[in-house]
Amino acid sequence: MEKLLKLMLRTTWFIKSIGRLLVPEAQRILAGGGALRGTTGNVSNDIRVLKGRQTKLRVRTMFCPALLPEREVVGDVVPVVPRNAPPPANIRCASGAEILSTPLSNSLSNSLSNSWLTTSLRNISLKLCLAILMGSLLGDLKAYAQVKLAPLPLLTPCTQRASDAKADQAAQPFIAKLKDKDAAVRAKAAEELGKSCYQAAALPLVTALQDTAPTVRAAAVKALGQLGDRETVEDLRMITGDADTNVRLALIQTLSTFTGFLARNAVLNHIANPPTDFEVKDETDVRVRCVAVLTLNELPNVEYSRKGIYFVYGFLRSPHAVVRQVGEQTMLALKDTRNALRELIDTLKTHNNPELRRWAAVWLGKFGLEDGRDALTAAAANDASPVVKDAATKALTQFKAPIR
């Protein structure tokens, strides 16, 4: 929701910026003795109200069509005032807004004599601006929607990789396409090489990890996960700091698929908790980190689960509301993972830090899973910390009565 609010604010800023550029032009027309067409206050694309001692009108997306000397303007505007005639009194146009009509200066008259051109330019410029704006907003929304807080499924690596001459020859057309000018062609070639199970594909895919297009890099990462060549793990570890969201998500999926320590440790300590000094405050960034934690908590090997959960504990204590919110959502999602319940139970039973034991008790209560009841009951009765006892007692009230 906060992300959407930021996008709305960006839209508002954009419209106000247009107003700041266009309203001075309307003021210039008035200063030069021109007259602007009045509009009603309920026009959807009104931007700014001009106020002055002699003017009271709303300005549409650009300055309104001007009353030109000795010409008529199409629309609900009063007849033209002849050149050199004395300024008339205030008049009211059919739409109901007051305007002041006086002759235009010669220079201004010349600059605006082709009112159809002015209108066309106005319409074209607005359409271009809106297209750029909407493209930006939709791009942000698409990126935002992609980072769902859920574990990523592991890939299915090749059981064996063909390395004979026939396989090498079959791989060459796809390897050649990795150098195509079109990024879509390169990405598709990477996908096909991942499915091929050709050993010859490994090195070209490693090279594609440095491609300028993030779609190609992400496709190469997944392809290497499908090939399952352990020799490429170090190359994958080297790009865990990639700035692109989809590349990092692909790295979570691929490195988690490899069963070795180096690969899965990279997910934990290079993606979920990268070694940087930057403060965590970007929503997309923290979502990617939490996806890494959720994915690790689905692995049969629990070696990486608990530390990942403790990273989420840190997010819950962040000074930034958006980080805390994502942390809460991640804890709720952890309820449905393979390992999280057991890790919280073990934390409540064995951790030396009473604050972490209290926190584990709180979330075991929120989970409300029956397997957590015994640990909470024991903590409520026997924990050395009164704070933990109290938290465990309150957590038990969130459980349904046991079935006898």
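As the structure is a computational prediction, the values presented were derived from the model and not from experiment. (Residues numbered from 1 in each chain as written. Predicted model: local features only at pLDDT ≥ 70, side-chain atom pairs only at ≥ 80, totals over all residues. Heavy atoms only, no water.)

Draft legend 1. Representation of the overall build of the protein chain within the structure. Assigned secondary structure in the protein chain consists of 17 helices and 4 strands. Burial statistics for the protein chain: of 404 residues in total, 44% are counted as buried. Within the protein chain, contacts between residues separated by at least 24 positions form 66% of all contacts whose residues are at least 6 apart in sequence. For the protein chain, the computed accessible surface area is about 21900 Å², with 56% contributed by carbon and sulfur atoms. (Helix = DSSP H or I, 4+ residues; strand = E, 2+ residues; numbered from the N terminus. Buried < 20%, exposed > 50% of the residue type's maximum accessible area, 1.4 Å probe, protein only. Contact = heavy atoms within 4.5 Å. Areas by Shrake-Rupley, 256 points an atom, 1.4 Å probe, with all protein chains shown as cover.)

Draft legend 2. How the structure looks around the environment of Phe 367. With respect to the element layout, Phe 367 can be found in helix α15 (residues 354-367). Judged by relative accessible area, Phe 367 falls into the buried class, the value being 2%. In sequence terms Phe 367 and Phe 399 are 32 residues apart; their C-alpha atoms lie 8.9 Å from each other. Here Phe 367 is in contact with Met 331, Leu 334, Lys 335, Leu 341 and Leu 344, once residues within four sequence places are set aside.

Draft legend 3. Summary view of the packing of aromatic side chains. Following the criterion strictly, the structure yields 3 aromatic pairs and no others. Between Phe 261 and Tyr 304 the ring centres are 6.5 Å apart and the planes differ by 35 degrees, which places this aromatic pair in the tilted class. In this pair, Phe 261 sits in helix α10 (residues 261-272) while Tyr 304 sits in the loop between α11 (283-296) and α12 (305-316), placing the two residues 43 residues apart along the sequence. Arranged with centres 5.0 Å apart and planes meeting at 65 degrees, the rings of Tyr 313 and Trp 359 form a pair that is edge-to-face. Taken together, the residues span a long stretch of sequence, with Tyr 313 in helix α12 and Trp 359 in helix α15 at a distance of 46 residues. (Phe/Tyr/Trp six-rings, centres within 6.5 Å; stacked < 30°, edge-to-face > 60°.)

Draft legend 4. Molecular detail of the side chain of Asp 242. Take Asp 242: it is sitting in the loop between α8 (233-237) and α9 (245-257). Among the polar contacts made by the side chain of Asp 242, one reaches the side chain of Arg 217 at a distance of 2.8 Å. Setting aside chain neighbours within four positions, we find Asp 242 in contact with Arg 217, Val 247 and Arg 248. (Polar contact = N/O pair within 3.5 Å; in protein donor to acceptor, adjacent residues only side chain to side chain.)

Draft legend 5. Region of interest: the state of the cysteines. For the coordinates displayed, the defined rule picks out 1 disulfide. Each disulfide pairs two cysteine sulfurs, and for Cys 158 the partner residue is Cys 197, the sulfurs being separated by 2.0 Å. Handedness here is read from the sign of the S-S torsion; for Cys 158 and Cys 197, about -90 degrees, the answer is left-handed. Highlighted residues: Cys 158 in the loop between α3 (115-146) and α4 (165-177) and Cys 197 in the loop between α5 (183-196) and α6 (202-208), separated in sequence by 39 residues. Classification of Cys 158 as buried rests on a relative accessible area of 13%. (Disulfide = S-S within 2.5 Å.)

Draft legend 6. Summary view of the packing of α12 against helix α13 (residues 321-334). Interaxial distance between α12 and α13 falls to 7 Å at its minimum, and their mutual angle equals 145 degrees. Remark: the crossing between α12 and α13 carries left-handed chirality. Here Ile 309, Val 312, Phe 315 and Leu 316 of α12 come into contact with α13, specifically with Val 323, Arg 324, Gly 327, Glu 328, Thr 330, Met 331 and Leu 334. Considering only residue class, the contact of α12 with α13 consists of 7 nonpolar, 2 polar and 2 charged. (Axes fitted to C-alpha atoms, helices over the stretch in contact; angles between N-to-C directions. Left-handed = near helix turned anticlockwise from the far one by under 90°. Nonpolar A, V, L, I, M, F, W, Y, C, P; charged D, E, K, R; others polar.)

Draft legend 7. Representation of the confidence of the model for the protein chain within the structure. Looking at the protein chain, the pLDDT average stands at 75 and 63% of residues meet or exceed 70. The low-confidence segment residues 18-118, where pLDDT is below 50, has 147 contacts with residues more than four positions distant or belonging to other chains. Contacts from residues 139-144, a stretch scored under 50 in pLDDT, to residues over four places away or in other chains number 9 contacts. (pLDDT = per-residue confidence, 0-100.)

Draft legend 8. Focus on the packing of α5 against helix α7 (residues 214-227). For the pair α5 and α7, the least separation of the axes is 8 Å and the interaxial angle reads 5 degrees. Of the possible angle classes, the one that applies to α5 and α7 is roughly parallel. Facing α5, whose interface residues are Ala 183, Arg 186, Ala 187, Ala 190, Glu 191, Leu 193, Gly 194 and Lys 195, α7 presents Thr 215, Val 216, Ala 219, Ala 220, Ala 223, Gln 226 and Leu 227. (Parallel < 35°, antiparallel > 145°, perpendicular 65-115°, else oblique.)

Draft legend 9. Region of interest: the pattern of salt bridges. According to the stated counting rule, one finds 15 salt bridges in the structure shown. Asp 285 is the salt-bridge partner of Arg 248, the closest N and O atoms lying 3.2 Å from each other. With Arg 248 in helix α9 and Asp 285 in helix α11, this pair connects stretches of sequence that are 37 residues apart. With a relative accessible area of 18%, Asp 285 lands in the buried category. Put simply, Arg 358 and Glu 355 hold a salt bridge, and the shortest N to O gap is 2.8 Å. Highlighted residues: Arg 358 and Glu 355, both in helix α15, separated by 3 residues, approximately one helical turn. In this structure, a network of salt bridges that share partners links the residues Arg 248, Asp 285 and Arg 289. (Salt bridge = Lys/Arg side-chain N within 4 Å of Asp/Glu carboxyl O.)

Draft legend 10. Representation of the nonpolar core within the structure. Among the nonpolar cores identified, the biggest contains 84 residues, and Leu 205, Leu 344, Leu 348 and Trp 359 are the most heavily contacted of them. The contact partners of Leu 205, leaving out residues within four places of it in the chain, are Leu 178, Ala 190, Leu 193, Ala 220, Ala 223, Leu 224 and Leu 227. (Core = buried A, V, L, I, M, F, W, Y, C linked by side-chain atoms within 4.5 Å.)

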